[in-house]
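Structural characterization, general
One letter stands for each residue in the lines below.
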Amino acid sequence: MLELKFPKRIGLEEKSFEYLVNLNRKVEKVKKSEIRMDFSCTTIFVISHLAMMMYIVEGIVKRKNKLVSVFKNFEVEGEDVVRELYKYYGDSHGNVVNPCKLKFLYDNNEEQPWLDKLRHLELEKYDKIKVVISELVANLKMHTLYKEGTMAGHVDVKNQYLILSIANYDITIKNNLKRKQRMIFYNDYEAVLWALKRSNTTRDEEESGGLGLYLLRKYIHELGAECIIISGNCFLKLDRTCFDKKKENIIHVKKYNIMSCSYEGNIITLSFPLIKSNKKDRECIKRQEISLGEMYGMYN
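Let us look at the structure shown here.

**Side note on the packing of aromatic side chains**
Under the defined criterion, the tally for this structure stands at 15 aromatic pairs. Judged by centre distance (4.9 Å) and plane angle (75°), the ring pair of Tyr 88 and Tyr 89 falls under edge-to-face. The exposure class of Tyr 88 is partly exposed, given its relative accessible area of 33%. Ring centres of Tyr 214 and Phe 243 lie 5.9 Å apart, and the angle between their planes is 65°; on these two criteria the pair is classed as edge-to-face. Taken together, the positions of Tyr 214 in helix H8 (residues 212–223) and Phe 243 in the loop between strand E10 (226–238) and strand E11 (255–273) put the pair 29 residues apart, joining distant regions of the chain. Across this residue pair, the class does not change: Tyr 214 and Phe 243 are buried. Following the ring pairs from residue to residue traces out a cluster consisting of Phe 6, Tyr 19, Phe 39, Phe 45, Phe 71, Phe 74, Tyr 88 and Tyr 89.

**Some remarks on the packing of helix H1 (residues 14–28) against helix H2 (residues 50–62)**
Orientation of H1 relative to H2, taken along the N-to-C sense of each, is 10°, at an axis distance of 10 Å. When the axes of H1 and H2 are compared, the pair comes out roughly parallel. Contact with H1, carried on its side by Leu 20, Val 21, Leu 23, Asn 24 and Val 27, involves Met 52, Met 53, Ile 56 and Ile 60 of H2 and no other residues of that element. Split into classes, the residues belonging to the contact of H1 with H2 amount to eight nonpolar, one polar and no charged.

**Observations concerning the pattern of salt bridges**
A complete count under the given rule lists 18 salt bridges for this structure. Across the pair Arg 25 and Glu 264 runs a salt bridge whose closest N-O atoms are separated by 3.3 Å. Taken as a pair, Arg 25 in helix H1 and Glu 264 in strand E11 lie far apart in primary sequence, 239 residues in all. The class for Arg 25 is partly exposed, based on a relative accessible area of 29%. Close ionic contact of Glu 148 with Lys 101 constitutes a salt bridge, the shortest N to O distance being 3.4 Å. In this pair, Glu 148 sits in strand E8 (residues 148–156) while Lys 101 sits in strand E7 (residues 95–103), placing the two residues 47 residues apart along the sequence. Look at Lys 101 and you get partly exposed, because its relative accessible area is 26%. Each of Glu 58, Lys 62, Lys 101 and Glu 148 takes part in a single network of salt bridges with overlapping partners.

What counts, and at which threshold
Residues numbered from 1 in each chain as written. Predicted model: local features only at pLDDT ≥ 70, side-chain atom pairs only at ≥ 80, totals over all residues. Heavy atoms only, no water. Phe/Tyr/Trp six-rings, centres within 6.5 Å; stacked < 30°, edge-to-face > 60°. Buried < 20%, exposed > 50% of the residue type's maximum accessible area, 1.4 Å probe, protein only. Helix = DSSP H or I, 4+ residues; strand = E, 2+ residues; numbered from the N terminus. Axes fitted to C-alpha atoms, helices over the stretch in contact; angles between N-to-C directions. Parallel < 35°, antiparallel > 145°, perpendicular 65-115°, else oblique. Contact = heavy atoms within 4.5 Å. Nonpolar A, V, L, I, M, F, W, Y, C, P; charged D, E, K, R; others polar. Salt bridge = Lys/Arg side-chain N within 4 Å of Asp/Glu carboxyl O.

Everything listed is a geometric property; what it means functionally is a separate question.
Here it is as structure tokens:
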């Protein structure tokens, strides 16, 4: 049996991301045994991490392990832990993105509940936030092996931020560049920096779409947002200083470190400041219709 006692805080600090990446590696080695995750001492668990936790839990169950998760006053088994983490640590007034799997194996034109919640936040830069998220969702379709990913997020009511993560677990940026364009990079960091520059993309010639991670960097600057990118063993943090319109391919990195363990995929965590729109902008937002079909279709 593998017993895992979670730390007091799973926040947006580098050590929290590294803890979860190492956790993923530990559980991958366990087969047909019991794994106990103990959250009884964990007081803070940022909901956006559930994008990654979905993959961790899914892998545990697929490998025929029994999973028991321990909270202060109760226990749950199997994949129910993701739902319980969302309920237990989420602010009931700030939940925006329930942990969800995103797949592109079939057309889905149904409205996503989180899009409706996002629209009702009546944010000043709603359109740009929607574009950033849509671009990252589209990247799952174009730049992953299995054309799927996970997403989770919430509103940090106290600090007034929308925090959201989109993740995949099948190929890193570095390995994707090697697979699709035969480009070799010395490390994951160099590959991520290349992808963040204008006109650099891993799209095939027949694929159309936006400007990829360059657009992400541009909007981080314009929105005053922050972004954490995990790819392989690269931990990279960007803030509004990451983009200069006069020197578009000069990238200022707020923080970069090589993690002790690699994540065989990518996690992008965004923190958007919540700035309310004026009355005119709100009326415009209320009239807009957004569907999953629009998000997917705009990249076909």
